[in-house]
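Each chain is listed here by its residues.
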Amino acid sequence: MPEDGEYYGKNGEPRKHDPSFKGPIQNRGCTDIVCCIFFIVAILAYFAVGILAWSQGDPRKVIYPTDSRGQFCGQAGTPQENKPLLFYFNIMKCASPMVLLEFQCPTPQICVQSCPTKFMTLVSAVNTPSDFDYYKNFCQEGVTMSMGAAQILSLRLCPATLIPSVPFTRRCFPALGQKGGVITVGNSSQFDDGRGNMIDAKNLLDGVSNATVVMEARQVVMKIFEDYTQSWYWILIGLVIAMLISLLFIVLLRYLAGIMVWVMIVLVILVIGYGIFHCYMEYAALQQKPGSNVTIQQLGFQTDFSVYLQIRQTWLAFMIILAIVEVVIILLLIFLRKRLLIAIALIKEASRAIGHVMCSLFYPLFTFLLLAIVIAYWAVTAVFLSTSNQAIYKVFNESACMYSRDNCDPGNYSTSVMKGHCPDSQCLFAFYGGETVYHKYLIALQFYNVFLFFWCANFVTALGQMTLAGAFASYYWAPVKPNDMPAFPVFSALGRSLRYHTGTLAFGSLILAIIQIIRVLLEYLDHKLNAAQNKFAKFLLCCLKCCFWCLEKFIKFINRNAYIMVAIYGKNFCTSAKDAFFLLMRNMIRVAVLDKVTDFLLFLGKLLIVGLVGVFAFFFFSGKVKAFENTAPSLHYYWVPILTVVVGSYLIAHGFFSVYAMCVDTLFLCFCEDLERNDGSASRPYYMSSSLREILWKNKAEDPSASSAQQQDDEDDIQLKQQQTRQDDSA
């Protein structure tokens, strides 16, 4: 018979029997202290970055438009409070290509209360007091009728002409239209530019187009924000429903595991089947509708996303995707039909464990709270960092000027050398930026903000995994359940994790955060290379993205099992990861047969909850059901709350079902350890329950595909244990 070392070889040494081992070790020390110190320093630096960003940033810059002086239009508590709209003196100046580079038109801009509604020139207005009083609403302060049109225009205090305009994204743009194929503004195809020249309305198109190229994206964001303000309470109701359904499923799994699993399987198939049917009905209903046969490629990018739902190709794509998912799930269920019974029994055993640790069901709420704090801190810091630039003023001119686009100071520009050399130039607000040390390293601070977000989010997730693993390990290794379990197993495990293993949690989270930030950088490079023609670079980048995606999944798997070993034995991260990996390698067949099938069943449960809540949200927000027409809020994009509810429902369901998944993984590793430590004899009894032993040994006995290699491994394992017992007795 082979020696122990020769037999186990590269898969490590098995655990030996230890009569004093009673589950999670209480007498343990701190692990990975260096990483713990590093993590604390990084968190303190993160707070410093947040304080610096909050002192420098101003979120108003993304909400309110800014006039030529850098003042916010419509900002409460300022002189511009009652002037929410931005007015351009000469919108045709916005046709300059520099607009796309600097996001600012080379023409004076002021805040106004309302947009002009009629044609009027300054030359005609200065002769009529009533007209001039109206005209002054679109002029800078200090203008008087006695100054005359020539002086007012030379000082650029008023526009030369007013054009009927409409508000759009808090800005006044010409009210363009079309009559008989001719572009019109204010129902007229021409207008007076204020200098005696008649200008075609079509000349305004380029200026309006360039001025709105950046505003359209902002308009979509603002509409989405408005949709959230109109539907946030309904979204919360949908998320509460998802939480109640998830909790109901978990409770029912506790008492009716077998029935609930089969109900989940049937309902998932039915919900996806209904999705296929609904997509087909929408696809068929659009058959006779004009313009519905346009392809998505021909349609291009549209800010109004509801347009995509008016073409048949969109619903055909949805139908094909759902059909593929349905077929894959059915095939998996057919091929895994024998494994399902064993996996269901394993879920039943996990339900018994959760029944003795009921507070574990509510631990995901604590994880959600911590993640919400991390996400909120990251989001607020990112907004303040992105708005912490200073107002930059540049020289704008109509004729040739050597100082064109140079930085300037609006306070003393009228007496500056630049104004002397370029009399017709102006010093106008251009954009937000800065040249200080802080502004030079602003991109580095943004990068640090993203990196710490990943690190902290992974740390919170890891803390939850180690806490639940410690609680369920206490259940498994208790000789008499639940008498020998701690009074509060979850709180005990949480205390051990934070007191002794903060460094270990930080170490595992750091590895994962580094991989995730590399993936973000690869996505950024991929976005930059979209317009490139280098196919080799695109192929290489695609391979790197795939490799790092696989690496991230592998590291998550290793971390999860490493935290279970840390919760039990209290060793450092590297040692625990090695022990967990070798233990899984020594039980590779069981991992593939049981653990992953159970994960698949739990995934179906999450899919069912998301499907049920998603279908309900669709009918409610889309107004497809007449009973909800007067109740549902009026929205720009009804898919915004639907998508939010679907994503939120998945996260909630994932949080609750992660308790089951962690319980199954912990029981599985403990079972493998139990098989190595004990042999079921009176001197070495198994800690596993009789039902769990029957489940896992039944799998080996009934399944020939469990491989003769696995059975041989178990037989050799028993022989080695018997040999070790004889050696101990002889000693």
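Quick caveat, the model's predicted, so the values are computed rather than measured.

Criteria and cut-off values
- Note on numbering: residues in each chain are counted from 1, in written sequence order.
- In keeping with the predicted nature of the model, local features appear solely for residues at pLDDT of at least 70, side-chain atom pairs appear and are counted solely at 80 or more, and the whole-chain, interface and lining totals rest on all residues.
- Note that the side-chain values use all heavy atoms of the structure and ignore hydrogens as well as water.
- Note on terminology: a nonpolar core comprises buried Ala, Val, Leu, Ile, Met, Phe, Trp, Tyr and Cys residues joined through side-chain atoms within 4.5 Å.
- Only protein chains enter the accessibility calculation, which uses a 1.4 Å probe; a residue is then buried when its area is under 20% of its type maximum, exposed when over 50%, and partly exposed in between.
- Contact definition: two residues touch when any of their heavy atoms are within 4.5 Å.
- Here a salt bridge means any side-chain nitrogen of Lys or Arg lying within 4 Å of a carboxyl oxygen belonging to Asp or Glu.
- Numbering of helices and strands runs from the N terminus, with a helix taken as a DSSP run of H or I at least four residues long and a strand as a DSSP run of E at least two residues long.
- Residue-level confidence of the predictor is what pLDDT reports, using numbers from 0 through 100.
- Here, a disulfide means two cysteine sulfur atoms that sit within 2.5 Å of each other.
- Axis lines are fitted through C-alpha atoms, for helices just across the contact stretch, and the angle between N-to-C directions can take any value from 0 to 180 degrees.
- For classification purposes, an angle smaller than 35 degrees is called roughly parallel, one larger than 145 roughly antiparallel, one from 65 to 115 roughly perpendicular, and anything else oblique.
- In this scheme, a crossing is called left-handed if the near helix is turned counterclockwise away from the far one by less than a right angle; it is called right-handed if the turn is clockwise.
- All amino acids are sorted into three groups, where Ala, Val, Leu, Ile, Met, Phe, Trp, Tyr, Cys and Pro are nonpolar, Asp, Glu, Lys and Arg are charged, and the leftover types, Gly among them, are polar.

Below, the discussion takes up the nonpolar core. Soluble, globular proteins show a tendency: their nonpolar side chains are buried together. Counting residues in hydrophobic clusters, the biggest one holds 113 residues, and the most contacted among them are Trp455, Leu601 and Phe657. Other than its neighbours up to four places away in sequence, Leu601 contacts Val261, Met264, Ile265, Leu340, Ala343, Ile344 and Ile347. Counting residues in hydrophobic clusters, the runner-up holds 22 residues, among them Ile110, Phe138, Cys139 and Cys158.

Attention now goes to the pattern of salt bridges. Within the structure shown, the criterion is met by 4 salt bridges. As a salt-bridge pair, Lys545 and Glu523 come within 3.5 Å of each other at their nearest N and O atoms. Here Lys545, found in helix 20 (residues 535-569), pairs with Glu523, found in helix 19 (residues 502-528); they are 22 residues apart in sequence, far enough to count as distant. On the accessibility criterion, Lys545 (23% relative accessible area) is partly exposed.

This part takes up the confidence of the model for the protein. Low pLDDT marks stretches whose predicted atomic positions should not be read closely. Mean pLDDT over the protein stands at 76; residues scoring 70 or higher make up 75%. Note on residues 1-9: pLDDT under 50 across the span, and 19 contacts to partners over four residues away in sequence or across chains. Confidence drops under a pLDDT of 50 for residues 701-731, and excluding neighbours within four residues, the segment shows 40 contacts in the predicted structure.

Attention now goes to the state of the cysteines. The term disulfide refers to a covalent linkage connecting the sulfur atoms of a pair of cysteines. Per the stated rule, a full pass over the model turns up 3 disulfides. Shown here is the disulfide that connects Cys115 with Cys172, its sulfur atoms set 2.1 Å apart. Between Cys115 and Cys172, the disulfide has an S-S torsion of -90° and is therefore left-handed. With Cys115 in the loop between strand 2 (109-112) and strand 3 (120-121) and Cys172 in strand 6 (residues 171-174), the pair connects residues that are 57 residues apart, well separated along the chain. Disulfide pairing is shown between Cys139 and Cys158; the S-S distance is 1.9 Å. Note on the Cys139 and Cys158 pair: the S-S dihedral is about 120°, so by sign convention the disulfide is right-handed. Of the two residues, Cys139 sits in the loop between helix 6 (129-135) and helix 7 (148-154) while Cys158 sits in the loop between helix 7 and strand 4 (161-162), which places them 19 residues apart along the sequence.

Relative to each other, helix 17 (residues 442-476) and helix 23 (residues 639-677) sit at 50°, their axes nearing to 9 Å. One way to sum up the angle between helix 17 and helix 23 is to call them oblique. When you trace helix 17 past helix 23, the crossing you get is right-handed. Across the interface between the two elements, Gln465, Leu468, Ala469, Phe472, Ala473, Tyr475 and Tyr476 of helix 17 pack against Val659, Met662, Cys663, Thr666, Leu667, Cys670, Phe671 and Asp674 of helix 23. Classifying every residue of the contact of helix 17 with helix 23 by side-chain character gives 12 nonpolar, 2 polar and 1 charged.

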